[in-house]
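Chain and residue survey
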Amino acid sequence: MSKLPIPLAFDALADAIKGRRSVYGHISGLQLDRAAPGEAWSSLPYRPVFVGDTETGVLHGGVVTAMLDESCGMAVQLALDGTRAIATLDLRIDYQKPATPGFAIRAHSVCYRVTRSIAFVRSTAYQESEDDPVATATACFMIGANRTNMLADRPPKGNYTIPTLDAPEDPASPFANSPFARCLGIRIVEDGTLAMPFSPKIIGNPMLPAIHGGMTGAFLETTAIVGVARELGASAPPKPIGLTINYLRSGRALDSFANVSIVKQGRRIVAFEARAWQDDPDKPIASAFGHFMLKPTPGMEEE
(Lines give C-alpha, C1' and ligand atoms only; values in the text may rest on other atoms or scores of the structure.)
Protein backbone atom coordinates (compact mmCIF):
# COMPACT_ATOMS: atom_id res chain seq x y z
CA MET A 1 0.00 0.00 0.00
CA SER A 2 1.19 3.52 -0.75
CA LYS A 3 2.03 5.70 2.22
CA LEU A 4 -0.47 8.45 2.99
CA PRO A 5 0.88 12.01 2.72
CA ILE A 6 1.76 13.58 6.04
CA PRO A 7 0.10 16.94 6.80
CA LEU A 8 2.62 19.75 7.21
CA ALA A 9 2.76 22.31 9.98
CA PHE A 10 2.35 25.83 8.60
CA ASP A 11 6.02 26.86 8.74
CA ALA A 12 7.06 23.61 7.05
CA LEU A 13 4.32 24.12 4.46
CA ALA A 14 5.55 27.64 3.65
CA ASP A 15 9.13 26.40 3.34
CA ALA A 16 8.01 23.58 1.03
CA ILE A 17 6.15 26.04 -1.21
CA LYS A 18 9.21 28.29 -1.39
CA GLY A 19 11.40 25.41 -2.52
CA ARG A 20 9.03 23.27 -4.59
CA ARG A 21 7.28 25.47 -7.10
CA SER A 22 6.43 24.71 -10.71
CA VAL A 23 9.28 24.41 -13.18
CA TYR A 24 8.29 27.66 -14.91
CA GLY A 25 7.77 29.39 -11.57
CA HIS A 26 11.26 28.37 -10.47
CA ILE A 27 13.12 29.47 -13.59
CA SER A 28 11.10 32.69 -13.92
CA GLY A 29 12.48 33.86 -10.59
CA LEU A 30 9.10 34.07 -8.86
CA GLN A 31 9.56 34.27 -5.09
CA LEU A 32 7.23 33.72 -2.15
CA ASP A 33 8.19 36.70 0.00
CA ARG A 34 5.72 36.34 2.84
CA ALA A 35 3.12 33.76 3.87
CA ALA A 36 0.10 33.54 6.14
CA PRO A 37 -2.67 30.91 6.26
CA GLY A 38 -4.43 31.19 2.90
CA GLU A 39 -2.44 34.30 1.95
CA ALA A 40 0.66 34.79 -0.21
CA TRP A 41 2.83 37.79 -1.08
CA SER A 42 5.09 37.12 -4.07
CA SER A 43 7.41 39.00 -6.42
CA LEU A 44 8.74 38.56 -9.95
CA PRO A 45 11.87 40.45 -11.06
CA TYR A 46 11.83 42.35 -14.34
CA ARG A 47 13.72 40.50 -17.08
CA PRO A 48 14.16 41.45 -20.76
CA VAL A 49 12.86 38.02 -21.81
CA PHE A 50 9.47 38.91 -20.29
CA VAL A 51 8.93 41.86 -22.65
CA GLY A 52 5.97 41.74 -25.00
CA ASP A 53 6.92 44.73 -27.13
CA THR A 54 10.54 45.88 -27.40
CA GLU A 55 9.44 49.33 -28.60
CA THR A 56 7.87 50.07 -25.21
CA GLY A 57 9.63 47.57 -22.92
CA VAL A 58 6.23 46.65 -21.41
CA LEU A 59 5.85 43.11 -20.13
CA HIS A 60 3.86 40.56 -22.12
CA GLY A 61 0.39 40.15 -20.60
CA GLY A 62 1.05 36.41 -20.40
CA VAL A 63 3.85 37.03 -17.90
CA VAL A 64 1.38 38.72 -15.56
CA THR A 65 -1.18 35.96 -16.19
CA ALA A 66 1.33 33.23 -15.33
CA MET A 67 2.48 35.06 -12.20
CA LEU A 68 -1.07 35.54 -10.93
CA ASP A 69 -1.95 31.92 -11.68
CA GLU A 70 1.00 30.63 -9.66
CA SER A 71 0.58 33.18 -6.89
CA CYS A 72 -3.08 32.19 -6.50
CA GLY A 73 -1.96 28.57 -6.34
CA MET A 74 0.45 29.44 -3.52
CA ALA A 75 -2.40 31.00 -1.53
CA VAL A 76 -4.53 27.88 -2.01
CA GLN A 77 -1.71 25.61 -0.83
CA LEU A 78 -1.21 27.87 2.19
CA ALA A 79 -4.88 27.33 3.04
CA LEU A 80 -4.42 23.53 2.95
CA ASP A 81 -1.97 21.13 4.62
CA GLY A 82 0.37 20.12 1.79
CA THR A 83 -1.17 16.69 1.19
CA ARG A 84 -3.27 17.35 -1.93
CA ALA A 85 -2.55 18.43 -5.50
CA ILE A 86 -4.37 21.44 -6.89
CA ALA A 87 -5.18 22.56 -10.44
CA THR A 88 -6.60 25.78 -11.87
CA LEU A 89 -10.19 25.47 -13.07
CA ASP A 90 -10.63 29.04 -14.26
CA LEU A 91 -8.77 32.31 -14.03
CA ARG A 92 -10.06 35.81 -14.79
CA ILE A 93 -7.57 38.64 -15.31
CA ASP A 94 -8.54 42.31 -15.49
CA TYR A 95 -5.70 44.48 -16.76
CA GLN A 96 -5.67 47.86 -15.06
CA LYS A 97 -2.58 49.43 -16.62
CA PRO A 98 0.73 48.41 -18.25
CA ALA A 99 3.54 47.51 -15.87
CA THR A 100 6.35 50.08 -15.75
CA PRO A 101 9.41 48.63 -17.56
CA GLY A 102 12.43 47.81 -15.43
CA PHE A 103 10.59 47.23 -12.15
CA ALA A 104 9.56 44.03 -10.40
CA ILE A 105 5.92 43.00 -10.17
CA ARG A 106 4.44 41.95 -6.84
CA ALA A 107 1.27 40.05 -6.07
CA HIS A 108 -0.91 39.63 -3.01
CA SER A 109 -3.19 36.59 -3.23
CA VAL A 110 -5.90 35.55 -0.78
CA CYS A 111 -7.68 32.19 -0.68
CA TYR A 112 -10.91 33.41 0.89
CA ARG A 113 -12.98 30.21 0.79
CA VAL A 114 -12.24 26.49 0.68
CA THR A 115 -14.89 23.81 0.20
CA ARG A 116 -14.43 20.06 0.05
CA SER A 117 -13.15 20.15 -3.52
CA ILE A 118 -12.91 23.81 -4.65
CA ALA A 119 -10.85 26.78 -3.48
CA PHE A 120 -11.67 30.40 -4.35
CA VAL A 121 -8.93 33.03 -4.66
CA ARG A 122 -8.50 36.71 -5.48
CA SER A 123 -5.23 38.43 -6.25
CA THR A 124 -3.75 41.83 -7.03
CA ALA A 125 -0.61 42.44 -9.08
CA TYR A 126 1.14 45.75 -8.50
CA GLN A 127 4.53 47.46 -8.49
CA GLU A 128 4.74 50.31 -5.98
CA SER A 129 1.42 50.03 -4.13
CA GLU A 130 -1.34 47.45 -3.92
CA ASP A 131 -3.76 50.39 -4.16
CA ASP A 132 -2.46 51.08 -7.67
CA PRO A 133 -2.75 47.65 -9.37
CA VAL A 134 -1.34 46.50 -12.67
CA ALA A 135 -3.93 43.73 -12.81
CA THR A 136 -6.45 41.95 -10.62
CA ALA A 137 -7.53 38.33 -10.74
CA THR A 138 -10.06 35.88 -9.41
CA ALA A 139 -9.67 32.12 -9.73
CA CYS A 140 -11.10 28.75 -8.79
CA PHE A 141 -8.88 25.74 -8.07
CA MET A 142 -9.74 22.06 -7.84
CA ILE A 143 -8.46 20.37 -4.68
CA GLY A 144 -7.20 16.80 -5.02
CA ALA A 145 -6.90 17.23 -8.77
CA ASN A 146 -4.61 14.22 -9.16
CA ARG A 147 -2.47 11.86 -7.10
CA THR A 148 0.75 13.82 -7.33
CA ASN A 149 2.14 15.97 -4.54
CA MET A 150 4.60 18.62 -5.73
CA LEU A 151 5.41 19.58 -2.14
CA ALA A 152 6.65 16.09 -1.24
CA ASP A 153 7.17 13.92 -4.33
CA ARG A 154 10.21 14.04 -6.57
CA PRO A 155 10.02 14.18 -10.39
CA PRO A 156 10.75 10.88 -12.20
CA LYS A 157 14.43 10.17 -12.60
CA GLY A 158 15.97 10.74 -15.98
CA ASN A 159 18.06 13.19 -17.95
CA TYR A 160 16.15 16.13 -16.52
CA THR A 161 17.96 19.44 -16.38
CA ILE A 162 16.68 22.80 -15.22
CA PRO A 163 15.93 24.80 -18.38
CA THR A 164 16.53 28.51 -18.86
CA LEU A 165 14.36 31.27 -20.25
CA ASP A 166 15.85 32.75 -23.39
CA ALA A 167 14.49 34.40 -26.53
CA PRO A 168 16.51 33.56 -29.65
CA GLU A 169 16.77 36.50 -32.03
CA ASP A 170 14.71 36.08 -35.19
CA PRO A 171 14.32 39.33 -37.17
CA ALA A 172 12.12 37.61 -39.78
CA SER A 173 9.67 36.29 -37.19
CA PRO A 174 6.26 37.93 -36.72
CA PHE A 175 7.31 37.96 -33.05
CA ALA A 176 10.59 39.77 -33.66
CA ASN A 177 9.50 42.50 -31.20
CA SER A 178 8.10 40.09 -28.61
CA PRO A 179 10.86 38.29 -26.68
CA PHE A 180 8.39 36.39 -24.48
CA ALA A 181 6.52 34.96 -27.48
CA ARG A 182 9.87 33.89 -28.96
CA CYS A 183 10.86 32.42 -25.59
CA LEU A 184 7.78 30.19 -25.73
CA GLY A 185 8.61 29.24 -29.32
CA ILE A 186 5.21 30.39 -30.58
CA ARG A 187 4.87 30.33 -34.35
CA ILE A 188 2.13 30.84 -36.91
CA VAL A 189 1.10 27.77 -38.89
CA GLU A 190 -1.61 27.30 -41.50
CA ASP A 191 -5.10 28.84 -41.54
CA GLY A 192 -4.30 31.38 -38.84
CA THR A 193 -3.56 28.72 -36.26
CA LEU A 194 -0.68 29.29 -33.83
CA ALA A 195 1.52 26.58 -32.35
CA MET A 196 3.47 26.40 -29.09
CA PRO A 197 5.98 23.53 -28.93
CA PHE A 198 6.27 21.60 -25.71
CA SER A 199 9.51 22.28 -23.82
CA PRO A 200 10.68 21.75 -20.22
CA LYS A 201 10.53 25.47 -19.46
CA ILE A 202 6.73 25.61 -19.77
CA ILE A 203 6.10 22.75 -17.32
CA GLY A 204 3.93 23.40 -14.31
CA ASN A 205 3.66 20.06 -12.51
CA PRO A 206 6.88 18.09 -13.22
CA MET A 207 5.40 14.89 -11.76
CA LEU A 208 2.94 14.38 -14.63
CA PRO A 209 4.45 16.39 -16.45
CA ALA A 210 1.84 19.02 -17.33
CA ILE A 211 2.05 22.42 -18.98
CA HIS A 212 1.84 25.39 -16.60
CA GLY A 213 -1.66 26.88 -16.71
CA GLY A 214 -0.14 30.33 -17.00
CA MET A 215 1.75 29.26 -20.12
CA THR A 216 -1.46 28.04 -21.70
CA GLY A 217 -3.03 31.38 -20.79
CA ALA A 218 -0.09 33.28 -22.30
CA PHE A 219 -0.41 31.21 -25.48
CA LEU A 220 -4.15 31.91 -25.77
CA GLU A 221 -3.61 35.62 -25.20
CA THR A 222 -0.87 35.77 -27.85
CA THR A 223 -3.11 33.88 -30.28
CA ALA A 224 -5.94 36.34 -29.66
CA ILE A 225 -3.73 39.42 -30.14
CA VAL A 226 -2.24 38.12 -33.38
CA GLY A 227 -5.52 36.79 -34.76
CA VAL A 228 -7.65 39.83 -33.95
CA ALA A 229 -5.04 42.26 -35.32
CA ARG A 230 -4.78 40.24 -38.54
CA GLU A 231 -8.56 39.89 -38.95
CA LEU A 232 -9.20 43.61 -38.45
CA GLY A 233 -6.10 44.81 -40.27
CA ALA A 234 -5.13 46.77 -37.16
CA SER A 235 -2.02 48.91 -37.41
CA ALA A 236 -1.11 48.27 -33.77
CA PRO A 237 -1.65 45.28 -31.46
CA PRO A 238 -4.92 45.50 -29.52
CA LYS A 239 -4.68 46.22 -25.79
CA PRO A 240 -5.98 43.51 -23.41
CA ILE A 241 -8.78 44.65 -21.09
CA GLY A 242 -9.93 41.39 -19.52
CA LEU A 243 -9.38 37.69 -20.08
CA THR A 244 -11.15 34.65 -18.60
CA ILE A 245 -9.44 31.30 -19.08
CA ASN A 246 -11.25 28.00 -18.57
CA TYR A 247 -8.99 24.97 -18.11
CA LEU A 248 -10.70 21.93 -19.58
CA ARG A 249 -7.99 19.25 -19.68
CA SER A 250 -4.43 18.88 -18.50
CA GLY A 251 -1.90 20.16 -21.05
CA ARG A 252 0.32 17.14 -21.63
CA ALA A 253 3.91 16.94 -22.88
CA LEU A 254 2.79 17.65 -26.45
CA ASP A 255 2.79 20.60 -28.81
CA SER A 256 -0.24 22.87 -28.42
CA PHE A 257 -2.27 24.70 -31.07
CA ALA A 258 -4.73 27.58 -30.82
CA ASN A 259 -6.98 29.83 -32.89
CA VAL A 260 -9.30 32.75 -32.21
CA SER A 261 -12.64 34.04 -33.46
CA ILE A 262 -14.18 37.49 -33.06
CA VAL A 263 -17.46 37.37 -31.14
CA LYS A 264 -18.41 41.04 -31.42
CA GLN A 265 -16.67 44.07 -32.87
CA GLY A 266 -17.21 47.72 -32.05
CA ARG A 267 -15.24 50.82 -32.99
CA ARG A 268 -13.01 50.64 -29.94
CA ILE A 269 -13.77 47.31 -28.25
CA VAL A 270 -13.66 43.80 -29.66
CA ALA A 271 -14.81 40.62 -27.91
CA PHE A 272 -13.04 37.38 -28.80
CA GLU A 273 -12.96 33.70 -27.99
CA ALA A 274 -9.82 31.57 -28.30
CA ARG A 275 -9.29 27.86 -27.84
CA ALA A 276 -6.24 25.64 -27.46
CA TRP A 277 -5.86 21.94 -28.14
CA GLN A 278 -3.16 19.33 -28.61
CA ASP A 279 -3.76 16.13 -30.58
CA ASP A 280 -7.50 16.63 -31.20
CA PRO A 281 -9.13 19.99 -32.10
CA ASP A 282 -12.44 18.64 -30.79
CA LYS A 283 -10.94 18.15 -27.32
CA PRO A 284 -9.61 21.56 -26.27
CA ILE A 285 -7.35 21.82 -23.24
CA ALA A 286 -8.43 25.41 -22.54
CA SER A 287 -10.58 28.22 -23.86
CA ALA A 288 -10.51 31.94 -23.26
CA PHE A 289 -13.00 34.76 -23.64
CA GLY A 290 -12.00 38.38 -23.39
CA HIS A 291 -12.05 41.95 -24.63
CA PHE A 292 -9.44 44.07 -26.37
CA MET A 293 -9.30 47.82 -26.86
CA LEU A 294 -8.41 48.86 -30.38
CA LYS A 295 -6.20 51.78 -31.30
CA PRO A 296 -8.55 54.61 -32.34
CA THR A 297 -8.73 55.38 -36.01
CA PRO A 298 -7.86 59.03 -36.78
CA GLY A 299 -10.99 61.08 -37.42
CA MET A 300 -13.34 58.48 -35.97
CA GLU A 301 -15.39 59.34 -32.90
CA GLU A 302 -15.36 57.02 -29.89
CA GLU A 303 -18.41 54.95 -29.07
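Residues numbered from 1 in each chain as written. Predicted model: local features only at pLDDT ≥ 70, side-chain atom pairs only at ≥ 80, totals over all residues. Heavy atoms only, no water.

**Some points on the side chain of S178**
For S178, the position within the fold is in the loop between strand 8 (133-143) and helix 4 (179-183). Excluding its chain neighbours within four sequence positions, the residues that come into contact with S178 are V51, G52 and H60. (Helix = DSSP H or I, 4+ residues; strand = E, 2+ residues; numbered from the N terminus. Contact = heavy atoms within 4.5 Å.)

**Digging into helix 3 (residues 61-79)**
With 19 residues, helix 3 should cover 27 Å at 1.5 Å per step; its first-to-last C-alpha distance of 27 Å lies within 8% of that length. Most of helix 3 is tucked away: 18 of the 19 residues are buried. (Expected span 1.5 Å × (residues − 1). Buried < 20%, exposed > 50% of the residue type's maximum accessible area, 1.4 Å probe, protein only.)

**A look at the pattern of salt bridges**
Following the criterion strictly, the structure yields five salt bridges and no others. Across the pair R92 and D94 runs a salt bridge whose closest N-O atoms are separated by 2.7 Å. R92 gets classed as partly exposed once you look at its relative accessible area, which sits at 35%. (Salt bridge = Lys/Arg side-chain N within 4 Å of Asp/Glu carboxyl O.)

**Overview of the sheet that holds strand 14 (residues 286-293)**
Read across the open sheet, the 12 strands follow the order 1-2-6-7-8-5-11-14-13-12-10-9; overall the sheet is antiparallel. The sheet terminates laterally at strand 1 (31-36) and strand 9 (187-188), the two strands that pair on one side only. Two elements, strand 11 (residues 239-247) and strand 14, share eight bridges in a ladder whose sense is antiparallel. Note that in strand 14 the partner of T244 across the bridge is F289. Those strands touched by helix 3 are strand 1, strand 2 (39-44), strand 5 (86-95), strand 6 (105-114), strand 7 (118-126), strand 8 and strand 11, and its axis lies near 45 degrees from that of strand 6. (Pairing = 2+ DSSP bridges. Axes fitted to C-alpha atoms, helices over the stretch in contact; angles between N-to-C directions.)

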